[in-house]
Amino acid sequence: MSKLTYFSGIQPTGNLHLGNYLGAIKQWVQMQSDPDCDLLFCIVDLHAITVPQDPEILRRKNRQVAALYIACGLDPKRVKIFIQSENPDHAYLAWIFSCMVPMGWMERMTQYKDKSKKQGERTSVGLFNYPILMACDFMLYDADLVPVGDDQKQHLELAADIGEKFNNIYGETFKIAKIYNQKETSRIMSLQNPSSKMSKSDIDPSGTINLLDSTDAIEKNVRRAVTDSGKDIIYSPQKPAIANLLAIYSGFSGISISELEKKYKGVNYGDFKNDLAKLLVKELSDIQDKYQKIINKPEYLDRILDEGRDFAISISSKKIALVKEKIGLSRSHS
Ligand code: ATP
Ligand code: LTN
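Note that the coordinates shown come from a computational prediction; the quantities given were computed from them, not determined experimentally.

Rules used throughout
- Residues numbered from 1 in each chain as written.
- Chains lettered and ligands numbered in written order.
- Predicted model: local features only at pLDDT ≥ 70, side-chain atom pairs only at ≥ 80, totals over all residues.
- Heavy atoms only, no water.
- Helix = DSSP H or I, 4+ residues; strand = E, 2+ residues; numbered from the N terminus.
- Rg over C-alpha atoms; globule rule 2.2 N^0.38 Å.
- Buried < 20%, exposed > 50% of the residue type's maximum accessible area, 1.4 Å probe, protein only.
- Contact = heavy atoms within 4.5 Å.
- Areas by Shrake-Rupley, 256 points an atom, 1.4 Å probe, with all protein chains shown as cover.
- Expected span 1.5 Å × (residues − 1).
- Bend = angle between axes of the 7 residues up to and from the residue.
- Near = heavy atom within 4 Å.
- Nonpolar A, V, L, I, M, F, W, Y, C, P; charged D, E, K, R; others polar.
- Polar contact = N/O pair within 3.5 Å; in protein donor to acceptor, adjacent residues only side chain to side chain.
- Core = buried A, V, L, I, M, F, W, Y, C linked by side-chain atoms within 4.5 Å.
- Pairing = 2+ DSSP bridges.
- Right-handed = clockwise from strand over helix to strand, strands pointing away.
- Salt bridge = Lys/Arg side-chain N within 4 Å of Asp/Glu carboxyl O.

A.B. asks: Tell me what's going on with the overall build of the protein, and back it up with residues and numbers.
C.D. replies: Regarding its fold elements, the protein presents 13 helices and 5 strands. For 334 residues, the compact-globule estimate of 2.2 N^0.38 gives 20 Å, and the protein sits close to it at 21 Å. Principal-axis analysis of the C-alpha atoms gives the protein an extent of 75 × 45 × 45 Å. With 334 residues in all, the protein has 49% of them scored as buried. The long-range fraction of contacts in the protein, counting pairs at least 24 apart against all pairs at least 6 apart in sequence, stands at 76%. Here the protein has roughly 16500 Å² of accessible surface; of this, 52% comes from carbon and sulfur atoms.

A.B. asks: An account of the side chain of His17 is needed here, citing residue identities and associated values.
C.D. replies: Residue position: His17 is located in the loop between strand 1 (4-10) and helix 1 (18-31). If near-sequence neighbours (up to four positions away) are discounted, His17 is found in contact with Met198, Ser199, Lys200, Thr208, Ile209, Asn210 and Leu211.

A.B. asks: Any details on unusual backbone geometry? Residues and values, ideally.
C.D. replies: In this structure, Asp142 is a non-glycine residue whose phi angle is positive, near 55°. Topologically, Asp142 is positioned in the loop between helix 7 (125-139) and strand 4 (145-147). Looking at Asp142, the relative accessible area reads 26%, which means it is partly exposed.

A.B. asks: Explain helix 1 to me, using residue names and the numbers behind them.
C.D. replies: Over its 14 residues, helix 1 extends 19 Å from the first C-alpha to the last, a length consistent with the 20 Å expected when each residue adds 1.5 Å. Along its length, helix 1 shows its largest kink, about 35°, at Ile25. Most of helix 1 is tucked away, with 12 of its 14 residues classed as buried. Those residues of helix 1 that fall on the buried side of the exposure criterion are Leu18, Gly19, Asn20, Tyr21, Leu22, Gly23, Ala24, Ile25, Lys26, Gln27, Trp28 and Met31.

A.B. asks: With reference to specific residues and values, describe the site of ligand 2.
C.D. replies: Of all residues adjacent to ligand 2, which total 13 residues, the nearest are His47, Tyr130, Met134, Asp137 and Gln152. Expressed as a share of its isolated accessible area of 360 Å², the protein-covered part of ligand 2 is 91%. Within the residue set of the shell around ligand 2, elements represented by two or more residues are strand 1 and helix 7. It is helix 7 that contributes the most residues to the shell around ligand 2, 4 residues altogether. Its residues assigned to classes, the shell around ligand 2 comprises 7 nonpolar, 5 polar and 1 charged.

A.B. asks: Talk me through the site of ligand 1; I want residue IDs and the actual numbers.
C.D. replies: Near ligand 1, the surroundings consist of 21 residues, among which Asp151, Ile188, Lys197, Ser199 and Ser201 are the closest. One nitrogen or oxygen atom from the main chain of Ile188 is found 2.7 Å from a nitrogen atom belonging to ligand 1. Relative to its unbound accessible surface of 600 Å², ligand 1 loses 95% to contact with the protein. If one sorts the elements of the shell around ligand 1 by residue count, helix 1 sits on top with 4 residues. Of the residues that constitute the shell around ligand 1, the class distribution is 5 nonpolar, 11 polar and 5 charged.

A.B. asks: Tell me about the nonpolar core, residues and numbers included.
C.D. replies: Ranked by size, the top nonpolar core spans 59 residues in total, and within it Leu18, Tyr69, Ile81, Ile248, Phe252 and Leu280 carry the most contacts. Looking at this core element by element, the count peaks at 11 residues for helix 12 (residues 269-295). In contact with Leu18, other than residues within four places in its own chain, are Gly23, Met198, Ile209, Leu211, Ile248, Phe252, Leu280 and Leu284.

A.B. asks: Let's hear about the pairing of strand 2 (residues 37-43): which residues, and what values?
C.D. replies: Across the 7 residues that make up strand 2, a large majority, 6, are buried. Sheet analysis places strand 1 next to strand 2, joined by 7 bridges and oriented parallel. Pairing of Thr5 across the sheet is with Asp38, part of strand 2. One crossover worth recording links strand 1 to the parallel strand 2 by way of helix 1, and it is right-handed. In this sheet, strand 3 (residues 80-83) lies alongside strand 2 in parallel orientation, the contact comprising 4 bridges. Looking across to strand 3, one finds that Ile43 is bridged to Ile83.

A.B. asks: Which residues make up the pattern of salt bridges, and what values go with them?
C.D. replies: Enumeration according to the criterion identifies 11 salt bridges in this entry. As a salt-bridge pair, Glu259 and Lys262 come within 3.4 Å of each other at their nearest N and O atoms. With Glu259 and Lys262 both in helix 11 (residues 257-263) and 3 residues apart, the pair spans about one turn of that helix. For Glu259, a relative accessible area of 40% translates into the label partly exposed.

In structure tokens, the structure reads:
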């Protein structure tokens with residue numbers, strides 16, 4: 001049986017938070033133990049520039065996210081980590097796909113509709129094209145599975161439509177990738193509003209816990225997290241705030257939600273939150289210690305990113321050559 005390929009990425013914007021960790025990175029780390037797969041993780045800076053970025057901050061964030069990937073447990077000997085803009089094939093294929101995708105497919109994208117509503121006149125064409133670039137990211141490498149949070153489901157469906165359209169016109173060229181995630185942690189919600197997802201772009205900092213937050217900030221935000229009426233600690237749609245805290249607790253402790261419900265039967269919200277805060281401080285300080293060591297070794301990080309880039313280009317350049325051949329972007333048959 002041939003090996004499966006997993007591909008995923010995160011934008012180097014804002015601060016990575018518990019949602020990014022539980023919904024994405026933690027699953028990537030678990031996948032490493034499967035010897036029958038190849039793993040590629042990208043820092044998607046071309047996606048980041050769909051909204052204005054400060055060049056110095058963007059440069060810093062690229063390194064920060066790479067260091068956080070490793071600090072969270074990705075093993076550079078086992079996986080490839082690279083920066084999207086360092087492989088020009090992503091943007092190249094995005095142009096080709098954007099010439100094939102009907103406007104109507106893109107106009108249905110809910111993330112675009114939400115974000116463009118907020119940005120109004122400032123909305124860039126790049127933001128509109130964002131899901132096409134995302135499709136290229138993993139289709140260049142024939143990815144089988146894309147481990148991302150639930151918010152990306154529609155983008156994966158669009159990628160499948162693009163792949164099928166290309167394959168129908170030009171013959172089998174692209175694999176159709178599937179989304180991969182774990183139900184309970186596929187959508188971590190804001191600690192202040194359990195009906196909206198924890199997000200880098202949330203303007204209220206008390207709804208989010210970032211991976212690099214101080215002990216004080218972690219404790220304060222857990223203490224301030226909204227709870228539901230009643231006093232039982234149970235995982236139920238009627239109790240979205242407590243269900244969210246249980247999902248976070250379970251995600252970091254490895255204890256199942258039903259075990260946690262038993263453990264906290266009859267315990268009040270305050271004591272439950274104290275335990276959760278302690279757990280998060282411990283787990284995040286481990287990540288933070290590793291992060292500090294990596295970010296202070298720039299040559300080590302550069303070596304990993306150089307290797308990742310070279311590996312990525314060695315695969316994607318073959319796919320680009322095939323695509324060019326199929327669609328006639330060449331002087332003669334190769
Ligand atoms: P923004 O909310 O500003 O668009 P983001 O926090 O979603 O940014 P991304 O870089 O777009 O950050 O997401 C990186 C990964 O983290 C994706 O796989 C995404 O699905 C996942 N993710 C983001 N937020 C959550 C969340 N609240 N719960 C679970 N997974 C999440
Ligand atoms: N749109 C994704 C980030 C992203 C991505 C990808 C994820 C860009 N390209 C390729 C997986 C595979 C998001 O999480 N906002």
